[in-house]
Amino acid sequence: MAENVKSNQNQMDSKKKIIRTWKGWTSLANAPIYENMLINEVFPEVKRKGVEGLEKVSISTMEKNDEVEFFLVLQFDSLESVKVFAGEKYEHAYIPENAKRVLSRYDETAQHFTLKEELILK
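These numbers come from a predicted model, not from an experiment.

**Observations concerning the pairing of strand E2 (residues 54-64)**
As judged from the 10 bridges shared by E2 and strand E3 (residues 67-76), these two strands associate in the antiparallel manner. In the sheet register, leucine 54 faces E3, and the bridge partner there is phenylalanine 76.

Written out as structure tokens, the structure reads:
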């Protein structure tokens, strides 16, 4: 019985959900262009390329002085899916060339967290 529990635990460990976070900054004028690019180009193209494990993308912004900070949170079904998305060096940020043209600066790396719990409070 203990072996069966251990085996099930190992299967669960290999499929833990991963949260990938990243930040980029752009001008006030370019913020709507970049947001539109994320929604209508970047992530639809990611899905077309076969990244099935990308479950959710959250796009948040904060306006500061004369720029807009974008905070992206991507939820993947596993670390393996992150690697399909970003490659073996998955810590490096995934920024398409057209996105680099409208960003004034950006994080070179992404952060990765293991999702422990999601609480829906209504």
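**Some words on the nonpolar core**
One finds Tyr34, Leu38, Phe43, Leu54, Leu72, Leu74 and Phe76 to be the most contacted residues of the largest nonpolar core, which totals 23 residues. Looking at this core, the elements that each hand over two or more residues are strand E1 (18-27), helix H2 (31-48), E3 and helix H3 (79-86). For this core, the element with the highest residue contribution is H2, accounting for 7 residues. When near neighbours in sequence (up to four residues on either side) are disregarded, tyrosine 34 contacts Trp22, Phe70, Leu72, Ala99, Val102 and Leu103.

**Some details on the environment of glutamate 63**
Assignment of secondary structure puts glutamate 63 in strand E2. Taking the C-alpha atoms as reference, glutamate 63 lies 9.6 Å from alanine 31; in sequence the two are 32 residues apart. Residues contacting glutamate 63, with those up to four places away along its chain left out, are Leu28 and Val68.

**Topic: the side chain of glutamine 75**
Following the sequence through the fold, glutamine 75 ends up in strand E3. The residues contacting glutamine 75, other than those within four sequence positions of it, are Lys17, Ile18, Ile19, Gly53, Leu54, Glu55, Lys56, Leu115 and Glu118.

**Examining the side chain of arginine 20**
Inspection of the secondary structure puts arginine 20 in strand E1. No salt bridge is formed by the buried arginine 20; its nearest oppositely charged neighbour, glutamate 91, is found at 7.7 Å. Here the side chain of arginine 20 touches histidine 112 through a polar contact of 3.0 Å, side chain to side chain.

**So, the pattern of salt bridges**
Counted according to the given criterion, the structure contains 7 salt bridges. A salt bridge links glutamate 69 to lysine 64; its shortest N-O distance comes to 3.7 Å. We classify glutamate 69 as buried; its relative accessible area is 7%. Residue classification places lysine 64 among the partly exposed residues on the basis of a relative accessible area of 39%. Ionic pairing is found between lysine 100 and glutamate 97, a salt bridge with its closest N-O pair at 3.4 Å. Residue lysine 100 and its partner glutamate 97 are both found in helix H4 (residues 97-100); the two are separated by 3 residues, about one turn of the helix. Each of the salt bridges in this network shares a partner with another, and the network as a whole consists of Lys23, Lys64 and Glu69.

Calculation notes
- Residues numbered from 1 in each chain as written.
- Predicted model: local features only at pLDDT ≥ 70, side-chain atom pairs only at ≥ 80, totals over all residues.
- Heavy atoms only, no water.
- Pairing = 2+ DSSP bridges.
- Helix = DSSP H or I, 4+ residues; strand = E, 2+ residues; numbered from the N terminus.
- Core = buried A, V, L, I, M, F, W, Y, C linked by side-chain atoms within 4.5 Å.
- Buried < 20%, exposed > 50% of the residue type's maximum accessible area, 1.4 Å probe, protein only.
- Contact = heavy atoms within 4.5 Å.
- Lys, Arg positive; Asp, Glu negative; His and termini not counted.
- Salt bridge = Lys/Arg side-chain N within 4 Å of Asp/Glu carboxyl O.
- Polar contact = N/O pair within 3.5 Å; in protein donor to acceptor, adjacent residues only side chain to side chain.

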